[in-house]
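Chain by chain, the residues run as shown.
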Amino acid sequence: MLTLASKLKRDDGVRGPRASNPASDSTRRVSVRDKLLVKEVAELEANLPCTCKVNFPDPNKLHYFQLTVIPDEGYYQGGKFQFEIEVPDAYNMVPPKVKCLTRIWHPNITETGEICLSLLREHSIDGTGWAPTRTLKDVVWGLNSLFTDLLNFDDPLNIEAAEHHLRDKEDFRSKVEDYMKRYAR
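Residues numbered from 1 in each chain as written. Predicted model: local features only at pLDDT ≥ 70, side-chain atom pairs only at ≥ 80, totals over all residues. Heavy atoms only, no water.

This brings us to the confidence of the model for the chain. Averaged over all residues, the pLDDT of the chain equals 88, while 84% of them reach at least 70. Taken as a whole, residues 18–26 scores under 50 in pLDDT and shows four contacts with residues more than four places along the chain or in a different chain. (pLDDT = per-residue confidence, 0-100. Contact = heavy atoms within 4.5 Å.)

Ranked by internal contacts, the top residues of the largest apolar core, which has 40 residues, are Tyr76, Phe83, Ile115 and Leu143. Contributing elements (two or more residues each) for this core: α3 (32–46), β2 (64–69), β3 (81–86), β4 (97–100), α4 (136–145) and α6 (169–183). Apart from the residues lying within four places of it in its own chain, the contact partners of Phe83 are Phe65, Gln66, Leu67, Val69, Val98, Lys99, Cys100, Leu101, Ile109, Ile115, Leu143 and Phe147. (Core = buried A, V, L, I, M, F, W, Y, C linked by side-chain atoms within 4.5 Å. Buried < 20%, exposed > 50% of the residue type's maximum accessible area, 1.4 Å probe, protein only. Helix = DSSP H or I, 4+ residues; strand = E, 2+ residues; numbered from the N terminus.)

Our focus in this paragraph is the UniProt feature "active site" (unreviewed entry) in the chain. Sites flagged by UniProt as "active site" (unreviewed entry) map to Cys116. Residue Cys116 is classed as buried on the basis of its relative accessible area of 17%. Not counting residues within four places of it along the chain, the set of residues in contact with Cys116 comprises Asn108, Arg121, Leu146, Asp155 and Leu157. (UniProt positions renumbered as here; feature names shortened; annotations may be inferred.)

As structure tokens, then:
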């Protein structure tokens, strides 16, 4: 899986300890983001929640991957929800960009895939937003928790879904199940 890490080691071995000419060295420079991702992806894979799976479409591009969350409790139990995670060049100073690819009826995720999760906010008033000390593991665990303990009806992004829950919990559950049957299998 960590082909980028082995490639970096292999390239360093071929090049030798900084003996190459400066021009070719600058074309081979590895970004801070990519060095961080090699370490963070290994940590993520070792500490993945049992309800999550990660997929790297291109193992040489650790900055783009997909996450599948299959909740085992709550309103969304049994659904299969896909997320796209893209890590920008300025990572870890800025958070990853995350989008839900599965249409869902959820107070914190819009039907078009926007996500309300405080740790994905670059600037947060309450201090729970993104910080350089956060990692991909925090992002994955946070997304997983949106289906259980971080499900938040009091500060919704999808106001209509939150109001629906407030008005009629059973009808809300029915609509969630309908969306899962149609989009989350």
